[in-house]
Amino acid sequence: MGSMIGSGIFIVGADIARNVGSTGWILAVWIITGLMTITAAVSYGELSGMYPKAGGQYVYLKEAYNKLTGFLYGWSFFAVIQTATIAAVAIAFAKFAGYFFPALNLTNDNILFSAGPVTVYIAHLVAIGVIVLLTYLNSRGVKEGKSIQFAFTTSKLLALFGLILFGFLAVDQSFFSENWQTGFNAAQDFGSVNAMGQKVPGTWSDISGVALLGAIAAAMVGSVFSSDAWNNVTFVAAEIKNPQRNIGLSLFLGTFIVTILYVTTNLMYLNVLPLKEIAFPEEDRLAVAAANQIFGENGRFAIAGLIMISTFGCNNGLILAGARVYYTMAQDGLFFRKAGTLNKNGVPQWALWAQCLVASTLCLSGRYGDLLDMISFVVVIFYVLTIAGIFVLRKKRPDAERPYRAFGYPLLPALYIIMGLSFCGLLLWFKPGFTWPGFLIVLIGIPIYYFIQRKSESANQ
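These notes cover the structure that comes with them. (Residues numbered from 1 in each chain as written. Predicted model: local features only at pLDDT ≥ 70, side-chain atom pairs only at ≥ 80, totals over all residues. Heavy atoms only, no water.)

Overview of the overall build of the protein
Of regular secondary structure, the protein possesses 18 helices and 6 strands. Here the protein holds 461 residues, and 55% of them are scored as buried. Look at the contacts in the protein between residues 6 or more apart in sequence, and 79% of them connect residues 24 or more apart. In the form shown here, the protein has an accessible surface area of approximately 19,300 Å², with 64% of it arising from carbon and sulfur atoms. (Helix = DSSP H or I, 4+ residues; strand = E, 2+ residues; numbered from the N terminus. Buried < 20%, exposed > 50% of the residue type's maximum accessible area, 1.4 Å probe, protein only. Contact = heavy atoms within 4.5 Å. Areas by Shrake-Rupley, 256 points an atom, 1.4 Å probe, with all protein chains shown as cover.)

Structure (structure tokens):
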């Protein structure tokens, strides 16, 4: 839960509203994403029970298919999935810290360096500082990271529950009935972008058929990103007590509670704000617009503090879990050798700092929104492959011990595969700008894998 709840639920709702344009489809997008996430999580329970060791999804893919497939996931994880997510969440932390420290706002007055397409703001240094700090704390041992994760997850959940509660009980005017009148008449906004890069409301027009499916897929980019990282618990399986039981249980409970929380949060947005303001809040800060309605002008500071707590705790979970994948890959001879060593605290310290370096570099781009399409596409591709691996392993290793069995097998896993492939196909068609680059990053891993293999074979001769 701590890894899942970061910045997305406070921001992406605006883009979702612009894509589908109606109360019914806004809620449907979150419910569809939630059902997909829960289905994937309970399916992973079988795999986590079979292979309760560090590396999680990398191990499942390697065992179901081959070392190349496992490597491609690990490579994509290192190049974009985990590191870009860490960067995006850190940028969100710094962005909302700007409410308290104006020097962190992404304005021309706060530029440290600019050359060509690269512009470095003070906020970028703060984002990097957060990543470095959390990497250092996690290098001291999993207990240190666990304590931070527990404290910040508890704080963010209590604060988010409070926001939802006040959003229904303390708001002066409810817009839910007015918003619901749009029902499921999906609409696509044809607004424009002004010279300042701000989205300008346009007119909405009814859409259906393939265009509607494209709008839903585009909208789900934000909800998928917001619901991702649930699988991070599988990466630290070797450091969890009774992993055969506890990983499967945490996967189900975590994804179920977060899904309920996300749907309820969106009901609160629809109660507090008219649909047009949900689609076009200032700088897409939807939660800030809602807090202003609930608490008045000071609400923005309350929600900014909440998001800072949320993103800090989220990144701690991401950093804690991510290095365990590189560690396991190094043990298999598929990553830098030093990543396969543990420090005196039993932590893959070198892998943690390598992850820190890549994530910090990605922070300098500062393009939070542009990262989402690429991350969501690559993530779902590998989720589909992993869940398909359940079918493969049932045939390859029918007698293997399975403390858990995938719930609803074969129907629910097959349904996820169909939905996941449909989502990725629609993204490639309707949002190619960042999905194709994400796919190319995966493919670049193929020659890298064979280079590593050839080098390894030469070293052994």
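More follows now that the structure is in view.
Focus on the side chain of Thr 259
Along the chain, the position of Thr 259 falls in helix H11 (residues 243–272). For Thr 259, a relative accessible area of 14% gives the class buried. At a separation of 2.8 Å, a polar atom in the side chain of Thr 259 contacts the main-chain carbonyl oxygen of Thr 255. Beyond its immediate sequence surroundings of up to four residues, Thr 259 is in contact with Gly 34 and Ile 38. (Polar contact = N/O pair within 3.5 Å; in protein donor to acceptor, adjacent residues only side chain to side chain.)

Structural notes on helix H2 (residues 13–20)
Judged by how many residues are buried, H2 sits mostly within the fold: 7 of 8 residues are covered. By the burial criterion, the buried members of H2 are Gly 13, Ala 14, Ile 16, Ala 17, Arg 18, Asn 19 and Val 20. One or two steps after H2, the chain reaches Gly 21, where phi turns positive at roughly 65°.

Overview of unusual backbone geometry
Across the junction of Tyr 409 and Pro 410, the peptide omega takes the value 0°, indicating a cis bond. Position of Pro 410 relative to the elements: it lies in the loop between helix H16 (368–396) and helix H17 (411–430).

Observations regarding the environment of Val 358
Relative to the helices and strands, Val 358 is located in helix H15 (residues 349–363). The sequence separation of Val 358 and Ala 79 amounts to 279 residues, and the corresponding C-alpha distance is 7.6 Å. Setting aside residues up to four positions removed in sequence, Val 358 forms contacts with Phe 78 and Thr 83.

Quick look at a nonpolar patch on the surface
A cluster of nonpolar residues, Leu 249, Phe 252, Leu 253, Phe 256, Ile 257 and Ile 260, forms a patch on the protein surface that exposes about 470 Å² of accessible area. Along the chain, Leu 249 falls in helix H11. The class for Leu 249 is partly exposed, based on a relative accessible area of 33%. (Patch = residues over 30% accessible without salt bridge, like charges linked within 9 Å, V, L, I, M, F, W, Y side chains within 5 Å. Salt bridge = Lys/Arg side-chain N within 4 Å of Asp/Glu carboxyl O.)

Notes on H15
End to end, H15 covers 21 Å across 15 residues, agreeing with the expected 21 Å (1.5 Å per residue, within 8%). Looking only at H15, the buried set comprises Ala 351, Leu 352, Ala 354, Gln 355, Cys 356, Ala 359, Ser 360 and Cys 363. Check the buried side of H15 and you find it contacts helix H5 (67–97), helix H6 (122–138) and helix H14 (299–331). (Expected span 1.5 Å × (residues − 1).)

So, the packing of aromatic side chains
Taken as a whole, this structure holds 24 aromatic pairs when the rule is applied. Aromatic side chains Tyr 326 and Phe 335 sit 5.5 Å apart centroid to centroid with 20° between the ring planes, which places their arrangement in the stacked category. Across the pair, Phe 335 and Tyr 326 agree in class, each one buried. A ring pair is formed by Phe 335 and Phe 336, whose centres lie 5.2 Å apart and whose planes are at 75°; its orientation type is edge-to-face. Looking at Phe 335, the relative accessible area reads 16%, which means it is buried. Three or more aromatic residues joined by ring pairs make a cluster, and in this case those are Tyr 73, Phe 77, Phe 78, Tyr 326, Phe 335, Phe 336, Trp 350 and Phe 382. Over the ring of Phe 280 we find Arg 18, and its NZ or CZ is 5.8 Å from the ring centre. (Phe/Tyr/Trp six-rings, centres within 6.5 Å; stacked < 30°, edge-to-face > 60°. Lys NZ or Arg CZ within 6 Å of the ring centre and 35° of its normal.)

Let's talk about the pattern of salt bridges
Any two side chains of opposite charge can pair, on the condition that their charged atoms come close. Evaluation of the coordinates by the stated rule reveals 5 salt bridges. A salt bridge links Arg 402 to Glu 46; the shortest N-O distance between them is 3.2 Å. On the criterion of sequence distance, the pair formed by Arg 402 in the loop between H16 and H17 and Glu 46 in helix H3 (residues 23–50) is long-range, its members being 356 residues apart. Glu 46 shares its class with Arg 402; the two are buried. A salt bridge links Glu 63 to Arg 397, with the shortest nitrogen-to-oxygen separation between them at 2.8 Å. In this pair, Glu 63 sits in helix H4 (residues 57–64) while Arg 397 sits in the loop between H16 and H17, placing the two residues 334 residues apart along the sequence.

Digging into the side chain of Thr 135
Tracing the sequence through the fold places Thr 135 in helix H6. Residue Thr 135 is classed as buried on the basis of its relative accessible area of 0%. Contact partners of Thr 135, with chain neighbours within four places excluded, come to Ile 319, Leu 352, Trp 353 and Cys 356.

Looking at the nonpolar core
Residues Phe 10, Ile 303 and Phe 423 are the most contacted members of the largest nonpolar core, which totals 138 residues. Counting residues per element, this core draws most heavily on H5, which supplies 19 residues. If we skip the residues at most four places from it in the chain, Phe 423 touches Ala 217, Met 220, Val 221, Val 224, Ser 376 and Val 380. (Core = buried A, V, L, I, M, F, W, Y, C linked by side-chain atoms within 4.5 Å.)

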